[in-house]
Amino acid sequence: VVVDWRGDDLVCRSPIYLGSRALQEPFLSTQASSVRGRQLLLWGRNPFVHDRGTTGANLRVRVLGAGMTQDGALELTCRLGTAPTSSTAQPSRPVSGSAGGDPSATP
């Protein structure tokens, strides 16, 4: 993942694509590489599920404490669909296995 440095924040340049089934699955799961060898895992209720006619929707994510300092954040955008084949954007990788916890809890 390539990021831009803005103050204490890190901002991902390319979106993370959620895949072709993002409109049908009740939960989203994806992961992305971060800085310093960290992996960011996202899992939770899918705000796009069964939302017919939605195309090109974005889910903006801000992870506090994951920037250049404890006060900074890592900002990224998750996008519906699959990455264009000519794009340099990294496709998302579904998280396999059980995430544990209460699946009805809000992420």
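Residues numbered from 1 in each chain as written. Predicted model: local features only at pLDDT ≥ 70, side-chain atom pairs only at ≥ 80, totals over all residues. Heavy atoms only, no water.

## Side note on the overall build of the chain
Here comes step 1: From N to C terminus, the chain includes 0 helices and 7 strands.
Here comes step 2: Overall, the chain shows an N-to-C arrangement of helices and strands of β-β-β-β-β-β-β.
Here comes step 3: With 107 residues in all, the chain has 29% of them scored as buried.
Here comes step 4: Across the chain, contacts joining residues at least 24 apart in sequence account for 56% of those joining residues at least 6 apart.
Here comes step 5: Carbon and sulfur atoms make up 51% of the accessible area of the chain, which amounts to about 6,900 Å² in all. (Helix = DSSP H or I, 4+ residues; strand = E, 2+ residues; numbered from the N terminus. Buried < 20%, exposed > 50% of the residue type's maximum accessible area, 1.4 Å probe, protein only. Contact = heavy atoms within 4.5 Å. Areas by Shrake-Rupley, 256 points an atom, 1.4 Å probe, with all protein chains shown as cover.)

## Looking at the packing of aromatic side chains
Here comes step 1: Enumeration according to the criterion identifies 1 aromatic pair in this entry.
Here comes step 2: Ring plane angle 0° and centroid distance 5.2 Å describe the contact between Phe27 and Trp43, whose orientation is recorded as stacked. Placement of Phe27 in strand β4 (residues 27–33) and of Trp43 in strand β5 (residues 39–45) is noted, with a sequence separation of 16 residues between them. (Phe/Tyr/Trp six-rings, centres within 6.5 Å; stacked < 30°, edge-to-face > 60°.)

## Some thoughts on the confidence of the model for the chain
Here comes step 1: Model confidence for the chain is summarised by a mean pLDDT of 76, while 77% of its residues fall at 70 or above.
Here comes step 2: Taken element by element, the predicted model of the chain shows its lowest mean pLDDT in β4 (84) and its highest in strand β7 (residues 73–79) (90). (pLDDT = per-residue confidence, 0-100.)

## A look at the pairing of β7
Within a regular strand, the side chains alternate between the two sheet faces.
Here comes step 1: Of all 7 residues making up β7, 5 are buried, and the element is well covered by its neighbours.
Here comes step 2: Pairing of strand β2 (residues 9–12) with β7, which is carried by 2 bridges, proceeds in the parallel orientation. Paired with Leu10 across the two strands is Leu74, which belongs to β7.
Here comes step 3: In this structure, strand β3 (residues 16–17) lies alongside β7, joined through 2 bridges in parallel fashion. The residue bridging Tyr17 from the neighbouring strand is Arg79, located in β7. (Pairing = 2+ DSSP bridges.)

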